[in-house]
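Coordinate analysis (summary)
The chain contents come next:
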Amino acid sequence: MPETAVKQTHEFKTELRQLLDIIIHSLYTKREIFLRELVSNAADAIDKLRFRALTEPQLVEGDTSYKIKLSVDKSAGTLTISDNGIGMTRDEVMENLGTIARSGTKQFLEKLKASNATNRPELIGQFGVGFYASFMVADRVTVISRSALPDSQAVRWESDGQGTFAVEPAERSSRGTDVILHLRDDAKEFLEEYRLRTVIRQYSDYIEHPIVMDVEVERDKQKITEEQTLNSRKAIWLKNKSEVKEEEYEQFYQAITHDFEKPAKVIHMSAEGTMEFKALLFIPSKRPLDFFWREPKSALQLYIRRVLITHECEELLPTYLRFVKGVVDSSDLPLNVSREMLQHNPMLARIRSNLVNRILKTLEEMKSSEAETYQRFFEQFGSILKEGINADFENRTRIADLLLIESTRTEAGKYTTLVDYVKNMASDQKEIYYLVGETREQLEASPYVETYKAQDKEVLLFTDPIDEFVITTLSEYQGKPLKAIDRGQLEDDAKSEALKEKTKLFQPLLEQLKSKLTEVKEVRLTSRLKDSAACLVADEYGMSAHMERLMKRVGRAEEAPPSKRILELNPEHPLVQAMQKLHETAPADSRVDQIASVLYEQALIAEGSRVKDPAGFAKRINDLIVSGIKV
Ligand code: ADP
């Protein structure tokens, strides 16, 4: 007898075991969503079969009356969800219902464990545990499935969700899947017709396939059983905007995203004329939990004349708009288009540019007429949208206009824009000044902004890791070059005669410092500093300190060989003046070198870098203080 002919017990993969444990023991306020998950799996199974049958009609054997059926057995306490979709082979059952293929499960579990119980439902919802949501209402789940592939043997899977599941051969007269839920005592409400009706209406109404149930009705004073369809089956995206209520949009959004929040924006569009398609798109209010560990790919659902082609069509949106969720239904694409063919389809490319245009337009409108909503959106998704400046040359300026940026003139947490910056520039200002770093506080306190603040010139403050790349690509806005203020010589310095004179006076000291401080390329005087004694600036074309730190952090330090920077000194600062005096009288005094090292190290700290030898730094400072006290 082959091994597969007998009942076998298997253990769930560790991660799944933990997940089940959490599902079963969590407080779940909206546990009725298990039904949405199971119905959606059933609908997917039908869609998969229908799609394959386009090229392999033998799979459906003429039976295309697709449906999903709910059956209740009150005495046994079971609710069964059946479909006549593609079904599963034994191997598929083992693969699909014993592991979680999705990436990021580990991170998800960690987050889940760290959160308190009341937040959990939301987290679970966002992760979309699908089938396993059954265990919120059932203490035992049986699945009987038969694949639509020819000569398939049915298979039975069963588990109490406690760590193991059993698989054995079974009987099923035709293709499809039954999910039998042995309802827990506290979930018996799901045996009631009205309850099931409400839940289906609420969460699965738009499902195209009929969701049916046998219902007892009275006809001519006789009780008979009739099969009733519980959902209206009208694809919401095909309806007219005026026909759809706000909460219907919300429920549809929540069904396809597993989000518990309302979307920030709904875009319902219908293109007619040379290209016909309908789209229902959503901009979420919050970043989904798995956003950062998910592969950065866009994924809209693609339908062709109501037939679901794929859940995750990457080609419909560029990656920088991957936060947008929703559905596109095209009337022009051929139904038998293969998923591979989608990649180079010119029609799809046209739909895509249409969608991009519409999404950007929506964001533009949001920005101008719903500033607060837009700011919330930008705080959640701005760093993704920005990728478009690199990736979408055609729309670069539009995306640049959508950026919200902090500056030395905005309060913390408030933003300006490039348009406003340029509008507020003094007429003789030729460049847009900016500074990139880790935090706003650090940037505002940095020596570089001192002179700009004193002259009441606005400096844009960028703190998002991606900003450096974005600005490098953008390089200018409305013909005004973007100028990093921690790079290159200050324009005023280059022109200043007074500074030239001072430099002559300081020359011997500057030369000594340069030979002592081998880490820097040059030591020069500057007028850019007001309160600080020294700062480090990058060469006009060198890599900035921030970029260097970034490259190090992403493990690509070899692409960013430390470029030597320039140490600039403030000749008006008492410490610099003291050093100069000391050097004039006693150039060999060890304190000259000591002060030089301290100035260099302070400049490193001010720009947000680390000093190489913190203990040595502390000692040098202490020695200087002590020598000062002695004097
Ligand atoms: P998801 O649906 O998000 O992939 P699930 O845990 O709900 O995750 O389901 C896991 C897999 O099990 C599905 O991807 C599908 O391949 C399979 N599956 C679940 N329900 C059915 C069904 N009714 N018919 C066929 N396959 C199913």
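Structure: see above.
Residues numbered from 1 in each chain as written. Predicted model: local features only at pLDDT ≥ 70, side-chain atom pairs only at ≥ 80, totals over all residues. Heavy atoms only, no water.

1. What to know about the overall build of the protein
Summing up its helical and strand segments, the protein has 21 helices and 22 strands in all. The C-alpha radius of gyration computed for the protein amounts to 33 Å, which surpasses the reference 25 Å derived for 631 residues by more than 25%, pointing to a less compact arrangement than a globule. The dimensions of the protein, computed from C-alpha atoms along their principal axes, are 115 × 55 × 40 Å. Summarising the internal contacts of the protein: among those between residues at least 6 apart in sequence, 70% fall at separations of at least 24. When the accessible surface of the protein is summed, it comes to about 30500 Å², and 49% of that surface belongs to carbon and sulfur atoms. For the protein, the separation between the mean place of its 90 positive charges and that of its 103 negative charges on side chains is 1 Å. (Helix = DSSP H or I, 4+ residues; strand = E, 2+ residues; numbered from the N terminus. Rg over C-alpha atoms; globule rule 2.2 N^0.38 Å. Contact = heavy atoms within 4.5 Å. Areas by Shrake-Rupley, 256 points an atom, 1.4 Å probe, with all protein chains shown as cover. Lys, Arg positive; Asp, Glu negative; His and termini not counted. Charge placed at Lys NZ, Arg CZ, Asp CG, Glu CD.)

2. Points about the nonpolar core
Membership of the largest hydrophobic core comes to 104 residues, with the highest contact counts inside it found for Phe323, Leu355, Phe377, Leu385, Leu567 and Leu569. In this view, Leu385 contacts Tyr320, Leu321, Phe323, Leu360, Leu363, Tyr374, Phe377, Phe378, Ile399 and Leu402; residues no more than four positions away in its chain are not counted. Ranked by size, the runner-up nonpolar core spans 69 residues in total, among them Leu16, Leu49, Tyr66 and Met136. (Core = buried A, V, L, I, M, F, W, Y, C linked by side-chain atoms within 4.5 Å. Buried < 20%, exposed > 50% of the residue type's maximum accessible area, 1.4 Å probe, protein only.)

3. Describing the pairing of strand S2 (residues 68–73)
In the sheet, S2 pairs with strand S3 (residues 78–83) via 6 bridges, with the strands oriented antiparallel. Bridge pairing links Val72 to Leu79 in S3. Between S2 and S3, which follow one another and run antiparallel, lie 4 residues, and Gly77 among them has a positive phi close to 70°. Relative to strand S8 (residues 211–219), S2 is paired through 3 bridges, and the arrangement is parallel. Residue pairing across strands places Lys69 opposite Val212, the latter belonging to S8. (Pairing = 2+ DSSP bridges.)

4. Points about helix H9 (residues 371–385)
Helix length check: H9, at 15 residues, gives a terminal C-alpha distance of 17 Å against a target of 21 Å (1.5 Å per residue), a shortfall beyond 12%. A bend of about 55° at Glu379 is the largest found in H9. What H9 keeps buried is the set Thr373, Tyr374, Phe377, Phe378, Phe381, Gly382, Ile384 and Leu385. Buried-residue contacts for H9 involve strand S11 (277–283), helix H8 (346–369), helix H10 (387–391) and helix H11 (396–401). (Expected span 1.5 Å × (residues − 1). Bend = angle between axes of the 7 residues up to and from the residue.)

5. Here's the deal with the sheet that holds strand S21 (residues 534–537)
Two modes of strand pairing occur in sheets, parallel and antiparallel, and in both the strands are linked by backbone hydrogen bonds. With mixed pairing, the 3 strands of this open sheet are ordered in space as S20-S22-S21. One side of each edge strand has no neighbouring strand; the edge strands of this open sheet are strand S20 (520–525) and S21. On average, each strand axis in the sheet is tilted by 25° relative to the strand beside it, whichever way the strands run. In this structure, S20 lies alongside strand S22 (residues 565–569), joined through 5 bridges in parallel fashion. When the bridges of S22 are listed, Glu522 appears paired with Ile566. Packed onto the sheet, helix H17 (residues 497–516) meets S20 and S22 and runs at close to 145° relative to S20. (Axes fitted to C-alpha atoms, helices over the stretch in contact; angles between N-to-C directions.)

6. Here we look at the packing of helix H2 (residues 33–53) against helix H6 (residues 193–204)
Two elements in contact, H2 and H6, have axes whose closest approach is 9 Å; the angle formed by their N-to-C orientations is 65°. When the axis of H2 is compared with that of H6, the two are roughly perpendicular. Of the two elements, H2 crosses H6, and the hand of that crossing is right-handed. Contacts between H2 and H6 involve Ile33, Leu35, Arg36 and Val39 on the former and, on the latter, Leu196, Val199, Ile200, Tyr203 and Ser204. A class-by-class count of the residues in the contact of H2 with H6 yields 7 nonpolar, 1 polar and 1 charged. (Parallel < 35°, antiparallel > 145°, perpendicular 65-115°, else oblique. Left-handed = near helix turned anticlockwise from the far one by under 90°. Nonpolar A, V, L, I, M, F, W, Y, C, P; charged D, E, K, R; others polar.)

7. Digging into the packing of aromatic side chains
One pass over the structure, following the stated rule, counts 16 aromatic pairs. Measuring from ring centre to ring centre gives 5.0 Å for Phe34 and Phe190, while their planes differ by 80°; the resulting arrangement is edge-to-face. Pair noted here: Phe34 is in helix H2 and Phe190 is in the loop between strand S7 (176–183) and H6, with a separation of 156 residues, a long-range link. Note on Phe190: relative accessible area 0%, which makes it buried. By way of ring pairs, the aromatic residues Tyr206, Trp237, Phe252, Tyr253, Phe282 and Tyr303 are connected into one cluster. (Phe/Tyr/Trp six-rings, centres within 6.5 Å; stacked < 30°, edge-to-face > 60°.)

8. Description of the site of the ligand
Around the ligand, the structure places 14 residues, and the nearest of them are Asn41, Ala45, Asp83, Asn96 and Phe131. The separation between an oxygen atom of the ligand and a polar main-chain atom of Phe131 is 2.7 Å. Contact between the ligand and Thr177: a nitrogen atom at 3.3 Å from a side-chain N or O atom of the residue. Contact with the protein chains hides 76% of the accessible area of the ligand, taken as 530 Å² for the molecule alone. No other element matches the 4 residues that H2 contributes to the shell around the ligand. Of the residues assigned to the shell around the ligand, the class counts are 7 nonpolar, 4 polar and 3 charged. (Near = heavy atom within 4 Å. Polar contact = N/O pair within 3.5 Å; in protein donor to acceptor, adjacent residues only side chain to side chain.)

9. Topic: the pairing of strand S13 (residues 307–313)
In terms of burial, S13 is largely enclosed, as 5 of its 7 residues are buried. Where strand S12 (residues 300–304) lies against S13, 4 bridges are found, and the strand directions are antiparallel. Bridge pairing in S13 places Leu300 opposite Cys313. Linking S12 to S13, which pair antiparallel, is a turn of 2 residues; within it Arg305 sits at a positive phi near 45°.

10. Some details on the pattern of salt bridges
Enumeration according to the criterion identifies 44 salt bridges in this entry. The residue Asp47 makes a salt bridge to Arg50 at a minimum N-O spacing of 3.2 Å. In this pair, Asp47 and Arg50 are both assigned in helix H2, 3 residues apart and thus about one turn of the helix distant. The shortest N-O distance in the salt bridge between Asp467 and Lys386 comes to 2.7 Å. A residue pair is termed long-range when its members are at least 10 positions apart, and Asp467 in helix H15 (residues 467–474) and Lys386 in the loop between H9 and H10 qualify at 81 residues. Within the structure, one salt-bridge network assembled from shared partners comprises Arg31, Glu32, Asp186, Glu189 and Arg195. (Salt bridge = Lys/Arg side-chain N within 4 Å of Asp/Glu carboxyl O.)

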